[in-house]
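Letter by letter, the chains look like this.
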Amino acid sequence: MRTVEWDGRCGELRLIDQRLLPSELKIISLSDYNQVADAIRDMVVRGAPAIGATGAFGLALAAQRSSAKTVEGMKVELEEAARLLRGSRPTAINLGWALDRVMEAAGQSESNCDDLRIAVINAAQKIADEDVTINRRMAEYGAVLIDDGDTILHHCNTGALATVDWGTALGVIRMAHEQGKRIHVLVDETRPCLQGARLTAWELQQYHIPFDIIADGAAGFFLRSGQVQKVFFGGDRMAANGDVANKIGTYMLALAANDNSVPAYAVVPTSTIDLLLAHGGLIPIEERDPDEVLNIQVGGRPVVPTGATAINPAFDVTPHHLLSAIVTENGIVYPPFDENLASALSRLKI
Ligand code: MRU
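Residues numbered from 1 in each chain as written. Predicted model: local features only at pLDDT ≥ 70, side-chain atom pairs only at ≥ 80, totals over all residues. Heavy atoms only, no water.

Mind showing me how you'd approach the site of the ligand here?
Every one of the 17 residues lining the ligand counts as a neighbour, but Arg 46, Arg 89, Asp 236, Asn 246 and Lys 247 are closest to it. In this structure, an oxygen atom belonging to the ligand sits 2.8 Å away from a side-chain N or O atom of Gln 195. Calculation on the ligand without its partners gives an accessible area of 410 Å², and the protein chains cover 100% of this total. When residues of the shell around the ligand are traced back to their parent elements, those giving at least two are helix H2 (48-65) and strand E9 (244-247). Across the shell around the ligand, the residue classes tally to 6 nonpolar, 7 polar and 4 charged. (Near = heavy atom within 4 Å. Polar contact = N/O pair within 3.5 Å; in protein donor to acceptor, adjacent residues only side chain to side chain. Areas by Shrake-Rupley, 256 points an atom, 1.4 Å probe, with all protein chains shown as cover. Helix = DSSP H or I, 4+ residues; strand = E, 2+ residues; numbered from the N terminus. Nonpolar A, V, L, I, M, F, W, Y, C, P; charged D, E, K, R; others polar.)

Is there a simple way to explain the sheet that holds strand E11 (residues 273-274) in this structure?
Whenever strands of a sheet pair, they do so through backbone hydrogen bonds, lying parallel or antiparallel. Taken together, the 4 strands give an open sheet; going across it, the order is E11-E8-E9-E14, and neighbouring strands pair in mixed fashion. The outermost strands of the open sheet, each flanked by one partner alone, are E11 and strand E14 (315-318). Note that strand E8 (residues 237-239) and E11 share 2 bridges and pair parallel. Paired with Ala 239 across the two strands is Asp 274, which belongs to E11. (Pairing = 2+ DSSP bridges.)

I would appreciate a short explanation of the sheet that holds strand E3 (residues 27-30) in the present structure.
Spatial ordering of the open sheet is given by E1-E2-E3, a layout of 3 strands whose pairing is antiparallel. Two strands close off the open sheet at either side, each with one partner strand: strand E1 (4-7) and E3. Looking at each pair of strands side by side, their axes are set apart by 25° on average, direction ignored. Examined bridge by bridge, E1 and strand E2 (residues 12-16) share 4 bridges and lie antiparallel to one another. When the sheet's bridge partners are listed, Glu 5 is paired in E2 with Arg 14. Contacting E1, E2 and E3, H2 runs over the sheet at an angle of about 20° to E1. (Axes fitted to C-alpha atoms, helices over the stretch in contact; angles between N-to-C directions. Contact = heavy atoms within 4.5 Å.)

Just to check I follow, could you spell out the packing of helix H4 (residues 93-107) against helix H5 (residues 113-142) for this structure?
If you want to describe how two helices pack, look at the angle between their axes and the distance between the axes. Taken N-terminus to C-terminus, the directions of H4 and H5 make an angle of 145°; their axes are 8 Å apart at the nearest point. Seen from above, H4 lies across H5 with right-handed handedness. On H5, the residues touching Trp 97, Ala 98, Arg 101, Val 102, Ala 105 and Ala 106 of H4 are Leu 116, Ala 119, Val 120, Ala 123, Ala 124, Lys 126, Ile 127 and Glu 130. (Left-handed = near helix turned anticlockwise from the far one by under 90°.)

Sorry if this is basic, but what is going on with the pairing of strand E6 (residues 211-214) here?
Where a strand is regular, its side chains alternate between the two sheet faces. As paired strands, strand E5 (residues 184-188) and E6 are joined by 4 bridges and run parallel to one another. When the sheet's bridge partners are listed, Val 187 is paired in E6 with Ile 213. Following the backbone out of E5, through helix H7 (residues 195-206) and into the adjacent parallel E6, one traces a crossover that is right-handed. (Right-handed = clockwise from strand over helix to strand, strands pointing away.)

Just checking my understanding: could you explain the environment of Gly 87 for this structure?
Its location among the elements puts Gly 87 in the loop between helix H3 (71-86) and H4. In this structure the C-alpha to C-alpha distance between Gly 87 and Asp 129, which are 42 residues apart in sequence, comes to 24 Å.

For this particular structure, what's the right way to read the packing of aromatic side chains?
Both the distance between ring centres and the angle between the ring planes are used here to describe each pair of aromatic rings. Summed over the entire model, instances satisfying the criterion amount to 3 aromatic pairs. Consider the rings of Trp 6 and Phe 57, whose centres lie 5.8 Å apart with planes at 5°: the pair is stacked. Of the two residues, Trp 6 sits in strand E1 while Phe 57 sits in helix H2, which places them 51 residues apart along the sequence. With respect to class, Trp 6 is no different from Phe 57; both count as buried. Plain terms: the ring middles of Phe 221 and Phe 222 are 5.0 Å apart, the flat faces sit at 80° to each other, and that makes the pair edge-to-face. Assessed through its relative accessible area of 51%, Phe 221 is described here as exposed. According to the relative accessible area criterion, Phe 222 is buried, its value standing at 17%. Stacked on the ring of Trp 166, the Lys or Arg Arg 136 has its end atom at 4.0 Å from the ring centre. Its guanidinium or amino end placed over the ring of Tyr 207, Arg 174 lies 3.9 Å from that ring's centre, counting from NZ or CZ. (Phe/Tyr/Trp six-rings, centres within 6.5 Å; stacked < 30°, edge-to-face > 60°. Buried < 20%, exposed > 50% of the residue type's maximum accessible area, 1.4 Å probe, protein only. Lys NZ or Arg CZ within 6 Å of the ring centre and 35° of its normal.)

Explanation requested: H4 in the structure shown.
Count 3.6 residues to each turn of an α-helix, and residues three or four apart come out pointing the same way. If you check H4, its first and last C-alpha atoms are 21 Å apart, about what 15 residues at 1.5 Å a residue would give, namely 21 Å. Looking at the buried positions of H4, the neighbouring elements they touch are helix H1 (33-41), H2, H3, H5, E8 and E11. (Expected span 1.5 Å × (residues − 1).)

So what exactly am I meant to see when it comes to the side chain of Ser 66 here?
Its location among the elements puts Ser 66 in the loop between H2 and H3. Looking at Ser 66, its side chain comes within polar contact range of the side chain of Glu 77, at 2.7 Å. Those residues in contact with Ser 66 that sit more than four places away from it in its chain are Met 74, Glu 77 and Arg 117.

Would you take a moment to explain the side chain of Arg 288 for this structure?
Looking at the element boundaries, Arg 288 is found in the loop between E11 and helix H10 (291-294). Exposure remark for Arg 288: the relative accessible area of 13% places this residue in the buried category. A distance of 3.0 Å separates a polar side-chain atom of Arg 288 from the backbone oxygen of Arg 41. In this view, Arg 288 contacts Arg 41, Asp 42, Met 43, Arg 89, Asn 312 and Ala 314; residues no more than four positions away in its chain are not counted.

How do you make sense of the nonpolar core when you look at a structure like this?
Note on soluble globular proteins: their nonpolar side chains tend to be buried together. The biggest cluster of nonpolar side chains holds 47 residues, and the ones touching the most others in it are Leu 13, Leu 15, Leu 30, Phe 57, Leu 59, Leu 78 and Val 120. Every element with two or more residues in this core is listed here: E1, E2, E3, H1, H2, H3, H4 and H5. In terms of residue count, the dominant contributor to this core is H2 (10 residues). Among residues more than four places away in sequence, those in contact with Val 120 are Leu 59, Ala 60, Ala 63, Leu 78, Val 102 and Ala 106. One finds Leu 170, Val 187, Phe 232 and Ala 325 within the second-largest nonpolar core, a separate group that totals 27 residues. (Core = buried A, V, L, I, M, F, W, Y, C linked by side-chain atoms within 4.5 Å.)

Structure, rendered in structure tokens:
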């Protein structure tokens, strides 16, 4: 099953509820775009490409449920839905990118409401199908960066669950494994929402890829003691100069990798590259509910003292000079990124 799937028979969107993994694999059905915005905000679905496809299908639900009698009327409703969906999470550019693409397709459909509805649903489905093709292409390009016997440190979850299917950085690791390379993965637990310990570990078990979970703070130890050959992570938004926003903790991981001459690779589809932003300082960083940090229990007992407060930035920016290369669906991009990223985008093949 894909992480995000449109059910054309009943016009509903099916999602894996990632909050319940790994203890429960539950598929939920959404029937209106307000539910989709909530699902994105509450991280029922998360990961930049998965959020993008889900947002696109949110517009498909808006078109599907619209009772507008005119094309103009339906477009007004779609604009309202896009505005709400766009506001659900600010950092992953894939959400705005996908909404813009679907609205562009809607803009080209003038004839009648049924044709407009079909145009919106098809545009969303195209984004989802392309995502799978793009991830497999990145995996084929990126797997050459992994050698037989490598131990790879991975941060957050960038697998099939973070996309429509296959995955980005974890997709590269999966491809290397499928090519027969004997690899071992160190999985950053990725506090506070534990996407590594919960989701990446679950996926690696499904793919029979050997791994160990580590505390985020242990990454430096494994890098300095020479136990890691490569570092891989994804991205939520990459600026024109190659600075990349990704799950909180990525910057420190890249710093430690750099300090120990271990290559660090970002795997990002070109839909995640925002050429309108000159550098990473311009990327909006989501701040999430402090309770995600505070609400931890050990042995059924709260860990933090009552009344304690927390600050919870969900992403940080890794400056481009800490990246060894960027894997896209159009190939591997090496420094200088400000020149080479733009040409990688112009080489669009999909
Ligand atoms: O808060 P999340 O779980 O949505 O954060 C996800 C990440 O930071 C991923 O690394 C990124 O979206 C790339 S997913 C292919």
